[in-house]
Amino acid sequence: MKAIRRFTVRPVLPEPLRPLSDLARNLRWSWHTETRELFRAADPEGWRPADADPVRLLGAVPAARLAELAGDQHFMRRLTEASEDLREYLGGPRWYQDQLSQGAELPAAIAYFSPEFGVTAALPQYSGGLGILAGDHLKAASDLGVPLIGVGLLYRHGYFRQSLSRDGWQQEHYPVLDPNELPLTLLREPDGTPSRVMLALPGGRSLYASVWQAQVGRVPLLLLDSDVEENAPGERDVTDRLYGGGSDHRLLQEMLLGIGGVRAVRTYCRLTGHAAPEVFHTNEGHAGFLGLERIRELCDTGLDFDAALEAVRAGAVFTTHTPVPAGIDRFDRQLVARHFGDDGELPGVGAEKILPLGTETYEGGEPGLFNMAVMGLRLAQRANGVSTLHGAVSREMFSGLWPGFDPSEVPITSVTNGVHAPTWVAPEVQRLGAGLFGSGCAANALAGAGAGAEGGAAGTAGRLDTFADVSDREVWDLRRGLREQLVTEVRKRLHASWRHRGAGSAELGWIDGVLDPDVLTIGFARRVPSYKRLTLMLHDRDRLRELLLHPTRPIQIVVAGKAHPADDGGKRLVQELVRFADDPRVRHRIVFLPDYGMGMAQKLYPGCDVWLNNPLRPLEACGTSGMKAALNGCLNLSVRDGWWDEWFDPDFGWAIPTADGSGTDEARRDELEANALYALIEDRVAPRFYDRGSGDLPERWIEMVRNTLAALGPKVLAGRMVREYVERLYAPAALSRRALEPAAARELAAWKTRVRAAWPQVAVDHVEASADTVVGGSAELGATLALRVRVALGGLDPEDVEVQVVAGRVDSGDAIAEARTFPLKPAGGHDLEDRRLYEGPLALDRTGPYGYTVRVLPSHRLLASGAELGLVAVPDAATGDGGGVLLR
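Cut-off values and rules
- Every chain's residues receive numbers from 1 upward, in the order its sequence appears when written.
- Only residues with pLDDT of at least 70 are given local features in this predicted model, and only at 80 or more are side-chain atom pairs given and counted; all residues enter the totals for whole chains, interfaces and linings.
- As a rule here, side-chain values come from all non-hydrogen atoms in the structure, and water together with hydrogens is ignored.
- With axes taken as lines fitted to C-alpha atoms, and helix axes fitted only over the stretch in contact, angles between N-to-C directions fall between 0 and 180 degrees.
- Helix numbering and strand numbering both begin at the N terminus, where a helix is a DSSP run of H or I of at least 4 residues and a strand a DSSP run of E of at least 2.
- An angle below 35 degrees is read as roughly parallel, one above 145 as roughly antiparallel, one from 65 to 115 as roughly perpendicular, and any other as oblique.
- Pairs of residues are marked as contacts when any of their non-hydrogen atoms sit within 4.5 Å.
- Gly counts as polar in this scheme, as do all residues outside two lists: the nonpolar Ala, Val, Leu, Ile, Met, Phe, Trp, Tyr, Cys and Pro, and the charged Asp, Glu, Lys and Arg.
- Two strands are said to pair when DSSP picks up at least two bridges between them.
- The criterion is simple. A nonpolar core is a set of buried Ala, Val, Leu, Ile, Met, Phe, Trp, Tyr and Cys residues joined through side-chain atoms within 4.5 Å.
- Accessible area is worked out with a 1.4 Å probe on protein chains only. A residue is then buried under 20% of its type maximum, exposed over 50%, and partly exposed in between.
- Here the expected span of a helix is defined as 1.5 Å times the quantity of residues minus one.
- Any pair of N or O atoms that falls within 3.5 Å is considered a polar contact. Within protein, one atom must be able to donate a hydrogen and the other to accept it, and sequence-neighbouring residues count only if both atoms are side-chain atoms.
- Definition used for salt bridges: Asp or Glu carboxyl oxygen within 4 Å of a side-chain nitrogen of Lys or Arg.
- Confidence of the predictor at the level of single residues is captured by pLDDT, which takes values from 0 to 100.
- For the purposes of this analysis, a disulfide is any pair of cysteine sulfur atoms at a distance within 2.5 Å.
- Any Phe, Tyr or Trp ring, taking Trp's six-membered ring, that has another such ring centre within 6.5 Å forms a pair; planes under 30 degrees apart are called stacked, those over 60 apart edge-to-face, and the others tilted.
- The criterion for a charge sitting over a ring is simple: Lys NZ or Arg CZ within 6 Å of the ring centre, and within 35 degrees of the ring normal.
- By the counting scheme adopted, Arg and Lys are positive, Glu and Asp are negative, and His together with the chain ends is not counted.

A word on the packing of helix H11 (residues 305-314) against helix H29 (residues 742-758)
Phase 1: Between H11 and H29, the shortest axis-to-axis distance is 8 Å and the interhelical angle comes to 110°. Of the possible angle classes, the one that applies to H11 and H29 is roughly perpendicular. Residues Asp306, Ala307, Glu310, Ala311 and Arg313 of H11 pack against Ala745, Arg746, Leu748, Ala749, Lys752 and Thr753 of H29.
Phase 2: Its residues assigned to classes, the contact of H11 with H29 shows five nonpolar, one polar and five charged.

Below, the structure written as C-alpha cells:
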C-alpha cells in the first residue's frame, strides 16, 4: 500500500549532542576530516564514506546509541572540540578580512550563480566538471572568508544515476530527492511561512519557487525549488532534473535561475541582514537572465533602460566554460519574446530591448536565435575563460562581437580553474603532511587559505614544498596503499554492477582477481561527449591488449563516465568500452565503473598512478580531474589542452603529441594520437614505473611524484583561483559599480549613444612620418619616427577618443604580431571639416620586419577597456593613405 502523504520525522538529539545537528547541517564536514571521523565514530556501521550524509546518519542512529554517546566522555570531548573549531572557522577573520584591514577596496558581497553545484555526494546537484568547479569555488571562498552567496536550482531528481544493461548499454535512473532528508534548511519569513519567489509567465500564469539553503562553511548556497503547491503541474516540474526537457523547459529553468535567483538573494539578505552583493558572477550563460532582473530593479528606481544596463554591466562578471558553439544554450527568439514584456516577466522592459542582447550579430551567426553566452558577455563588463588556452580560444570564438579588433584584444581574460584540496586529497596524504609539519599547517597548505601571509601563494608553495623531505620509502608505501584501496573499491563496485546486469554470484568469482595493487594503474573518468574521446585507447585493440598483458610491465586501467541521456553517440562509446572490458582475456586489467560521481572520484584520483586525458585539442576548456589526481601524487598523461597546456612540465608527467592543425582528417588524427599514446606508455611511462633501484624502489618515478606534490600542487589550488577572481575581477567590478551611481550611469549611457551615432563618420584621413628616419625601406634600431596623423571626429570631441599607433613585428602577410600600442597627443587646432591633428614619437626598439598602423578608439573614464564598445577606426588600406609603414 502507498502512503497518501509523505513527511520526514527528524530525530530529537539529547541535549549534550545538540551540537551534532549544527555540524551535520554545515557542509564543511564534507572537507573537514575531524568532523567526518566524529560522525563515523557515532555509528561506524552506518557511515558509508562514498555517499556519507550526517543528516541521514543521525536520523538512523537508535535512541539507545545516542544516549550512550551522550555519556561517552571521549566522544563528548571530540564533539566539543569539533563544535568549537567550526565556531572559530565561521566567525574568525580570514584572508579576505585581512585584506580589508590592510586597506584593500573589496566588494561587500558577491553573488555567484551556477546551474549546478557539486559540494558533496550527499547533495547530488551536479553533472560534471562545471558543477564540481562551482562547489570548489564556494568551499575555497569560505576558507578565504570571501563573502559569497551561491545561487542555483534544487533538482528533485538530480542529474541521473547510471547503470548498465547486460550488453553494456547505459541506463538512467532518476531517484526522487526529498529536500527534508538532505542537508538543507527551508528559508522562512518571520511569521514562519516559507519564503517564495514568483515569476510571471505568459497567459497570466505564475511560477513560484521556495528557497532552500545549504550552508557551505561560511557561504550560504540558495537553491530554488518549483515543486510547491501553488504551482500547476507543469510549473511544479520546472526544477525536476538537471539538463532535462526541451527548449521551453530549459528556458523556464534559466529564467528561474537568473531572475528568480536575484529575487532569492534579495529575500535572503532582507531576512538575515547579509550585505547586499555589489558584484554578480555568472558561471556560464545559463544564469544570464539575472542581468535583466537587475536592470528591472534599477528601472524601478527611475533609471532608463540604457543607464540601468551600464550600471548592471559595471558590477557583473561572466565566466565562459565552453570552447565550442555547440555547448552554448540558444533559444528561438520568438520563444524568448513570448516570456517577456507586459504579458510575461519584466513588465515595462519590452522584448525589443531584451532580444538584441542575445542576438548573434556577427558573421556566421544565426539572427533567429537568442544566444545565452552572447547575452552574458553583453551584460558583463568583465569576462574570462577558465585556462590560458581557453581564454585565447574564447577571444577567437567571440571575436565577432568586437569587429575590427584582433582576437588578442577581445576583452576576455582568463582565470585558470583550481580544485579544493581538502575535498579531494586522500586522508593518507593529509596525514603524511601533518606528520611532517603539524596538522594545522597541513590543512592550511592543502586549502591554500588562511589569514595573513600564510594565505598567499608563496606561503602555500613553501609548505607544500615540505613534501620534498618525505623519504622514497614513505612515498612508495603511500602510493601502494592508495592503489590497494582502489583495488578493493573497484572490486566492490564491479560486483554490484554485474549483479545489476543480471549476473549470478556463481558467475562472479573472477572479480576477486580484478586489478593488482602492484601494477601500474591508469585512470580515465569524465563526462562522455565525443571530443573527450573515451575510446581513443581502443583504436588498436591488439596493441592495447599487449600493454595490459605485458609479462613484466603490465598496465591496468580504471574507466568511468556518464553520457548525457539524450546522447546516443556517447552511449555507444560507453558500450564499446564496456564490451572490450568484458572480454575474459583482459577483464582483470581494465574495468568500467558505472555511476561516476563525487563518492567514486574521491577513491579513484588517489588510487591511480597516472591520470589519462586525451581530448581533441583545444576543446577542453580546463579539465580539473587531472588537478585532483595530481594533489594525490598521481602523474598526468595528457594532451596539452586546458590547464595542462600551461602547466605541463616533464617533472609532472607526459604530454601526448597532438595532430591538430595538421590538415589531417579526424580518423587519421585519432590514429596518430592513439599511436603516440601507446608509444608513451610502452617506452616511457611503464619503464619508469617498473625500473627499480636500491630498496626495490622506482626512484625516478618517486621523484616525479614528489615534484608533482611540491611544485604543481600550489598552482592547482582553488584558493589560488578564488584569490585571482577577487583581485582581478571582483574588486575592479565593485569599484566600477560604485562609480556608476545614477548620474554617472546616465552620463555613460548618453555618451555611448552619441559615440555610436557619430562613429560611422570617424576616420583616419592621413598618416605621415619623418622622412629622414626610413631610408630605402629600412631604419636603424633605436631610431625614432615622428608621426603626424589627421583624424575626422564626426562631431565628437577630442576627449571622446584616443588615437593610437599600433606597432610590432610583422609576418609574411604584413600582419602585426606581438603588437604594442602608444597613444598620440592632440597637436591643437582643427580645420573647417572638423579634422584634428595628433602627433607623437614611435621608438624603433626591435629588429627585423617591423610595421605600424594607426587607429581611433572611443575613450571614457568609465570604460573598462578601449575595446568595450567594439568600435575602432583604422586607415583605409585601399587608398594607401595612412595605411602604415613596413620596415624590412
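So, the sheet that holds strand E17 (residues 590-593)
Phase 1: Within the open sheet, the six strands sit side by side as E17-E16-E15-E18-E19-E20. Their pairing is parallel. A strand with exactly one partner marks an edge of an open sheet, and here the two such strands are E17 and strand E20 (653-656). The average undirected angle you get between the axes of adjacent strands in this sheet is 20°.
Phase 2: Pairing between strand E15 (residues 520-525) and strand E16 (residues 555-560): six bridges, direction parallel.

Some words on the packing of helix H20 (residues 472-500) against helix H27 (residues 699-712)
Phase 1: Following both chains from N to C, one finds H20 and H27 inclined at 80°, their axes separated by 10 Å at the closest point. With respect to H27, the element H20 is oriented roughly perpendicular. Listed contacts from H27 to Asp472, Val475, Trp476 and Arg479 of H20 are Glu699, Trp701, Ile702, Val705 and Arg706.

Details of the nonpolar core
Phase 1: If you look at the biggest cluster of nonpolar residues, it comprises 102 residues, and the most contacted ones within it are Leu520, Met537, Ile557, Leu637, Trp654 and Trp701.
Phase 2: Per element, the largest residue contribution to this core is 10 residues, and it comes from helix H26 (residues 666-690).
Phase 3: The contact partners of Leu520, leaving out residues within four places of it in the chain, are Pro554, Ile555, Gln556, Asp609, Val610, Val685, Ala686, Phe689, Tyr690 and Trp701.
Phase 4: Judged by nonpolar contacts, the second largest core, of 97 residues, contains Leu201, Leu242, Ala351 and Ala749.

Some points on the environment of Leu549
Phase 1: Along the chain, Leu549 falls in the loop between helix H21 (541-548) and E16.
Phase 2: Spatially, the C-alpha atoms of Leu549 and Ala525 are 22 Å apart, while their sequence positions differ by 24 residues.

Some points on helix H22 (residues 568-581)
Phase 1: For H22, with 14 residues, the first-to-last C-alpha span of 20 Å sits near the 20 Å given by 1.5 Å per residue.
Phase 2: All of the buried residues along H22 are Gly570, Lys571, Leu573, Val574, Gln575, Leu577, Val578, Phe580 and Ala581.
Phase 3: Tucked into the core, H22 has its buried residues touching strand E3 (161-164), strand E4 (170-173), H21, E16 and E17.
Phase 4: Put simply, Asp567 is the residue that caps the front of H22, since its side-chain oxygen is 3.2 Å from the backbone nitrogen of Gly569.

A short note on the pairing of strand E13 (residues 382-385)
Phase 1: Burial along E13 is two-sided: the face carrying Arg382 and Asn384 and the face carrying Ala383 and Gly385 are both buried.
Phase 2: Where strand E10 (residues 316-319) lies against E13, three bridges are found, and the strand directions are parallel. Its bridge partner lying in E13, Phe318 is registered against Ala383.
Phase 3: Pairing between E13 and strand E14 (residues 413-414): two bridges, direction parallel.

A short note on unusual backbone geometry
Phase 1: Of note, the bond from Arg617 into Pro618 is cis; its omega dihedral lies within 30 degrees of zero at 5°.
Phase 2: The phi torsion at Glu284 lies on the positive side, around 75°, for a residue other than glycine.
Phase 3: Mapped onto the elements, Glu284 comes out in the loop between strand E9 (279-283) and helix H10 (290-299).
Phase 4: Overall, Glu284 belongs to the buried group, its relative accessible area being 6%.
Phase 5: Although it is not a glycine, Arg533 sits at a positive phi angle of roughly 55°.
Phase 6: Assignment of secondary structure puts Arg533 in the loop between E15 and H21.

Some remarks on the pattern of salt bridges
Phase 1: All told, the structure shown has 65 salt bridges when counted by the stated rule.
Phase 2: Two residues, Asp225 and Arg156, come together in a salt bridge whose shortest N-O distance is 2.6 Å. One end of the pair, Asp225, is in strand E8 (residues 219-225); the other, Arg156, is in the loop between strand E2 (148-153) and E3, with 69 residues separating them in the sequence. Just as Asp225 is buried, Arg156 falls in that class too.

Focus on the confidence of the model for the protein chain
Any residue range with low pLDDT should be treated as having predicted coordinates unsuitable for detailed reading.
Phase 1: For the protein chain, per-residue confidence averages 90 on the pLDDT scale, and 92% of positions sit at 70 or higher.
Phase 2: When the criterion is pLDDT under 50, residues 436-443 qualifies, and its contacts beyond four places in sequence or with other chains add up to 12 contacts.
Phase 3: Within the model, pLDDT remains below 50 along residues 878-888, and this stretch shows 34 contacts once partners closer than five positions in the same chain are excluded.

Some words on H10
Phase 1: A large share of H10 lies buried, amounting to nine of its 10 residues.
Phase 2: Listing the buried residues of H10 in full gives Leu290, Gly291, Leu292, Glu293, Arg294, Ile295, Arg296, Glu297 and Leu298.

Remarks on the state of the cysteines
Phase 1: A complete count under the given rule lists zero disulfides for this structure.
Phase 2: Free cysteine Cys622: the closest other cysteine sulfur is in Cys634, separated by 16 Å.

Some words on the packing of aromatic side chains
Phase 1: A complete count under the given rule lists 21 aromatic pairs for this structure.
Phase 2: Aromatic side chains Phe689 and Trp701 sit 5.2 Å apart centroid to centroid with 90° between the ring planes, which places their arrangement in the edge-to-face category. Taken as a pair, Phe689 in helix H26 and Trp701 in helix H27 lie far apart in primary sequence, 12 residues in all.
Phase 3: Its relative accessible area of 0% is what places Phe689 among the buried residues.
Phase 4: Ring-pair connections join several aromatic residues into one group, and the members of that group are Trp476, Trp654, Phe689, Tyr690 and Trp701.
Phase 5: Lying across the ring of Tyr89, Arg28 places its NZ or CZ 4.2 Å from the centre.
Phase 6: Sitting over the face of the ring of Phe160, Lys562 holds its NZ or CZ atom 4.8 Å from the ring centroid.

Some words on the side chain of Lys628
Phase 1: Within the secondary structure layout, Lys628 lies in helix H24 (residues 625-630).
Phase 2: As a buried residue without a salt bridge, Lys628 has its nearest oppositely charged side chain in Asp136, at a separation of 5.3 Å.
Phase 3: For Lys628, the residues in contact, after removing those within four places along its chain, are Ile132, Val419, Trp424 and Tyr605.

Comments concerning the environment of Phe822
Phase 1: Looking at where Phe822 falls in the secondary structure, it is placed in strand E24 (residues 816-830).
Phase 2: Separated by 131 residues in sequence, Phe822 and Asp691 place their C-alpha atoms 57 Å apart.
Phase 3: Sequence-distant contacts of Phe822, defined by excluding residues within four places in its chain, comprise Val803, Gln804, Val805, Ala807 and Leu842.

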